[in-house]
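# Fold and contact review
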Amino acid sequence: MSTLTGTGTLLRLAWRRDRVLIPVSLLALTALSVGSAQATIDLYPTDAEARAGLGSVLANPSVVAMYGPVGAENRDALSVFKTVLMGAVFVGLLAYAVVRRHTRVEEEVGRLELVGAAVVGRRAPLAAAMTLATAAVVGAGALSTVGLVALGLDPLGSIALGVAWVVAGLAMVGVTAVAAQLTTSARACAGIALGVLGAMFLLRAVGDTAGGSVSVLSWASPLGWSSKVAAYGDNRIWVLGLALALTAVLVALAFSLLDRRDVGSGLIAPRPGPDRARDGLGTPLGLVGRLARPAALGWLIAFVVLGIVLGGLVASVADMASDPAIVDMLTKLGGSAGTITDIYLSTELAFAAVAAAAAGISVALRLASEERAGRGEPVLATATSRRSWLGAHTLYAVALPVALLVAIGLAVAVTSSGQGEAPGLVPMLAAALVRVPAVLVMVAIAVLAAAAVPHHASAVAWGALAVAFGLGELGATVGLPQWLIDVSPFAHVPQLPGGDVTALPTVVLCAVAVVTTGLAFAAYRVRDAA
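The present account deals with the structure reproduced in this document. Numbering of residues starts from 1 in every chain and runs along the sequence as written. Thresholds applied to this predicted model are a pLDDT of at least 70 for local features of residues and 80 or more for the giving and counting of side-chain atom pairs; totals over whole chains, interfaces and linings are not thresholded and use all residues. With hydrogens and water set aside, each side-chain value is computed from the structure's full complement of heavy atoms.

### What to know about the overall build of the protein
- Secondary structure counts use DSSP, requiring at least four H or I residues in a row for a helix and at least two E residues in a row for a strand, with both numbered from the N terminus. Looking only at helices and strands, the protein features 25 helices and zero strands.
- Residue burial in the protein is summarised as follows: out of 530 residues, 47% are buried.
- Any two residues whose heavy atoms approach within 4.5 Å at even a single point are treated as in contact. Considering only intrachain contacts with a sequence separation of at least 6, the fraction spanning at least 24 residues in the protein is 77%.
- Computed by Shrake-Rupley with a 1.4 Å probe, the accessible areas treat only the displayed protein chains as cover when residues are assessed. As presented, the protein carries roughly 22900 Å² of accessible surface, and 67% of it is formed by carbon and sulfur atoms. Only protein chains enter the area calculation, which uses a 1.4 Å probe; residues under 20% of their type maximum are buried, those over 50% are exposed, and those in between are partly exposed.

### Comments concerning the side chain of Thr183
- Within the secondary structure, Thr183 is located in the loop between helix H10 (155-182) and helix H11 (186-209).
- In terms of polar contacts, Thr183 uses its side chain to reach the backbone carbonyl oxygen of Ser185, at 3.3 Å.
- Among residues more than four places away in sequence, those in contact with Thr183 are Arg104, Ala188, Cys189, Ile192, Ser265 and Gly266. N or O atoms closer than or at 3.5 Å make up a polar contact, with two conditions inside protein: a donor-capable atom paired with an acceptor-capable one, and, for residues adjacent in sequence, both atoms drawn from side chains.

### Observations concerning the packing of H10 against H11
- Closest axis-to-axis distance for the H10/H11 pair is 8 Å, and the angle between their directions is 145°. Along this stretch, H10 crosses H11, giving a crossing that reads as right-handed. Contacts between H10 and H11 pair Ala171, Met172, Val175, Thr176, Ala179, Ala180 and Leu182 from the former with Cys189, Ile192, Ala193, Val196, Leu197 and Met200 from the latter. Inter-axis angles, ranging from 0 to 180 degrees, are taken between N-to-C directions of lines fitted to C-alpha atoms, where helices are fitted over the stretch in contact. Handedness of each helix crossing follows the sense of rotation of the near helix against the far helix: counterclockwise by less than a right angle gives left-handed, clockwise gives right-handed.

### Topic: the packing of aromatic side chains
- Aromatic contacts are taken between Phe, Tyr and Trp rings whose centres are within 6.5 Å, Trp giving its six-membered ring; a plane angle under 30 degrees counts as stacked, one over 60 as edge-to-face, and the others as tilted. Taken as a whole and assessed by the stated rule, the structure comprises two aromatic pairs.
- Centre to centre, the rings of Trp299 and Phe303 are 6.3 Å apart; their planes meet at 55°, and the pair counts as tilted. Of this pair, Trp299 and Phe303 both sit in helix H14 (residues 284-313), four residues apart, which is roughly one turn of the helix.
- For Trp299, a relative accessible area of 27% puts it in the partly exposed group.
- The buried category is assigned to Phe303, whose relative accessible area is 3%.

### Thoughts on the environment of Val137
- Inspection of the secondary structure puts Val137 in helix H9 (residues 124-150).
- As a C-alpha pair, Val137 and Met172 span 35 residues in sequence and 9.8 Å in three-dimensional space.
- Apart from the residues within four sequence positions on either side, Val137 is in contact with Val91, Ala95, Trp165, Val166, Gly169, Leu170 and Val173.

### A closer look at the nonpolar core
- Val80, Leu148, Leu161, Met172, Leu223 and Tyr232 are the most contacted members of the largest nonpolar core, which totals 65 residues.
- Counting residues per element, the ones that place at least two in this core are helix H2 (21-43), helix H6 (83-102), H9, H10, H11, helix H12 (222-228) and helix H13 (239-258).
- Top contributing element to this core by residue count: H10, with 17 residues.
- Non-local contacts of Val80, meaning those with residues more than four positions away in its chain, are made with Ala37, Leu148, Leu153, Leu161 and Tyr232.
- If you look at the next biggest cluster of nonpolar residues, it comprises 63 residues, including Leu313, Ala358, Ala450 and Ala457. We call a set of buried Ala, Val, Leu, Ile, Met, Phe, Trp, Tyr and Cys residues a nonpolar core when their side-chain atoms join them within 4.5 Å.

### Things to note about helix H25 (residues 503-526)
- Between its first and last C-alpha atoms H25 spans 36 Å; for 24 residues at 1.5 Å apiece the expected length is 34 Å, and the two agree.
- Those residues of H25 lying buried are Leu509, Ala513, Thr516, Thr517, Ala520, Ala523 and Tyr524. Expected helix span is given by 1.5 Å per residue-to-residue step, counting one fewer step than there are residues.

### Some points on a nonpolar patch on the surface
- A patch consists of residues whose relative accessible area exceeds 30% and which take part in no salt bridge; residues with like charges are grouped when within 9 Å of each other, and nonpolar side chains (Val, Leu, Ile, Met, Phe, Trp, Tyr) when within 5 Å. Salt bridges are defined as contacts in which a side-chain nitrogen from Lys or Arg sits within 4 Å of a carboxyl oxygen from Asp or Glu. A surface patch of nonpolar side chains, amounting to about 480 Å² of accessible area, comprises Leu297, Leu300, Ile301, Val304, Val305 and Ile308.
- By the secondary structure assignment, Val304 is in helix H14.

### Some points on the packing of H6 against H10
- It is the contact of H6 with H10, at a shortest axis distance of 8 Å, that shows an interaxial angle of 30°. By crossing handedness, the relation of H6 to H10 is classed as right-handed. Facing Thr83, Val84, Gly87, Ala88, Val91, Gly92, Ala95, Tyr96, Val99 and Arg100 of H6, the residues of H10 in contact are Leu161, Ala164, Trp165, Ala168, Gly169, Met172, Val173, Thr176 and Ala177.
- Gly is put with the polar residues, along with every residue not named as nonpolar or charged; the nonpolar set is Ala, Val, Leu, Ile, Met, Phe, Trp, Tyr, Cys and Pro, and the charged set is Asp, Glu, Lys and Arg. Residues of the contact of H6 with H10, tallied by class, amount to 13 nonpolar, five polar and one charged.

### A look at a positive patch on the surface
- For this count, His and the chain ends are skipped, Lys and Arg are scored as positive, and Asp and Glu as negative. For this purpose, a charge sits on NZ of Lys, CZ of Arg, CG of Asp or CD of Glu. Among the surface-exposed residues, Arg271, Arg278, Arg290 and Arg293 lie close enough to one another that they form a single positively charged patch.
- Mapped onto the fold, Arg290 is located in helix H14.
- The class for Arg290 is partly exposed, based on a relative accessible area of 33%.

### Let's talk about unusual backbone geometry
- Even without glycine at this site, Ala230 takes up a positive phi of about 55°.
- Within the secondary structure layout, Ala230 lies in the loop between H12 and H13.
- For Ala230, a relative accessible area of 8% corresponds to the buried category.
- The phi dihedral of Asn235 is positive, around 50°, even though this residue is not glycine.

### Quick notes on the pattern of salt bridges
- Here the structure, examined in full by the defined rule, presents seven salt bridges.
- A salt bridge links Glu106 to Arg17; the nearest nitrogen and oxygen atoms lie 3.0 Å apart. Separated by 89 residues along the polypeptide, Glu106 in helix H7 (residues 104-108) and Arg17 in helix H1 (residues 7-17) bring together distant segments of the chain.
- For Arg17, a relative accessible area of 29% puts it in the partly exposed group.
- Linked through salt bridges whose partners overlap, the residues forming this network are Arg104, Glu107 and Arg261.

### Here's the deal with the environment of Val249
- In this structure, Val249 sits in helix H13.
- For Val249, a relative accessible area of 56% corresponds to the exposed category.
- Along the sequence, Val249 and Gly174 sit 75 residues apart, while their C-alpha atoms lie 8.1 Å from each other.

Set out below in structure tokens:
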């Protein structure tokens with residue numbers, strides 16, 4: 001029997017399980033690139049207008065560090081400058097999620113061992129996972145290319161943008177495949193793969209913003225390669241060859257490592273723990289906190305960095321104010337209260353609040369994932385009550401986004417201090433914290449989903465966040481009716497800094513969060529284990 005026997009069957013099975021995740025992700029990525037390009041084209045129909053409106057903003061080192069250098073100074077390149085690197089990161093995350101789910105996660109829960117007992121080759125599961133992830137990556141690049149060409153952008157440049165996304169995605173396919181062989185748990189696999197992705201971003205940011213010989217660091221990162229494609233500029237499609245070569249090496253390494261380990265194990269043995277656990281780990285709060293700590297630290301670092309970047313951009317807001325089109329767009333997204341700096345910060349904090357909600361949701365969903373993996377039931381077999389187990393997850397799911405919003409508020413205030421019309425520390429903290437009630441509503445929905453329908457919790461929680469984000473943050477820009485926009489909790493957040501706080505919406509959002517959480521506790525008390 002060949003080591004790849006059964007690859008086709010496993011590929012069909014993997015697609016069957018991801019038949020919703022992958023198409024929805026591809027549509028969202030296409031909407032990201034096409035929607036961003038359309039919005040910019042509406043603001044700046046010609047090359048000259050695009051250069052005049054965005055030139056000073058794109059010269060800011062903070063913008064370059066976040067989004068990478070622009071491919072060229074024409075309208076097409078300027079219309080996608082935010083989505084080249086951002087989209088590449090998202091495509092990389094999609095590749096990571098698919099490979100990890102169908103390799104290390106399957107081994108951890110024991111399903112891969114059952115599959116391997118049939119007529120299935122040793123390498124077939126890994127080959128199927130990488131094939132599906134590669135197809136998703138190529139699909140994302142292809143759909144985005146087609147959408148941008150349909151929008152009227154240069155065809156060769158649109159192909160180059162698709163290539164830039166595929167470069168990052170292929171690299172993450174290989175990185176995640178190797179990480180899955182090194183570790184014994186899905187959580188450790190995530191730590192390695194996402195750590196490598198973060199290192200790629202950091203190397204690229206340093207290389208793109210530093211001069212002299214340090215700029216070569218951009219070529220040491222696959223995300224840097226995505227920027228070097230220079231879509232709508234030099235259109236270096238040949239960079240795809242570098243990604244193909246790297247992926248081939250990583251795939252060969254992953255197969256080689258797979259042949260050297262047992263099913264369910266990893267090449268890096270987990271460290272033995274102490275003979276006795278610390279007192280704190282004997283409680284639900286201590287255990288959940290220990291499990292959530294690595295991800296929470298990663299989120300915290302990301303929010304601090306984001307706050308520093310946003311604070312560094314405050315000095316460029318005055319240049320934006322000279323363009324009525326940008327002011328109109330910011331007003332639709334962030335409201336009309338206060339100065340243009342206040343409107344800009346309100347807009348960015350709105351997006352940060354959605355990300356903070358995502359962090360809280362990820363912690364809340366851990367309740368369902370631990371139960372499905374068989375680790376939650378042994379905990380509940382002890383003296384631990386269902387109420388305390390759910391309560392521990394709920395507490396950390398609430399505390400994490402609050403801490404993240406405080407962190408970004410502090411980072412923006414400290415970084416922007418003394419620049420233009422930047423708000424002070426107290427107004428920035430108030431602007432961040434006023435978004436907590438809307439975030440808590442989204443977290444409460446995730447807690448309820450994990451407590452009531454654990455097998456569908458992820459779809460419910462992430463779907464609710466996607467709808468709330470689309471309606472609340474983007475609804476005004478696409479002309480949706482106000483009654484539909486008001487469905488989103490984010491639509492009722494006061495416009496701070498610069499605006500006034502109305503008590504009623506805040507109280508209602510808090511009440512909705514409390515009632516939804518109460519329903520979660522009631523549902524968790526009466527249902528069987530997943």
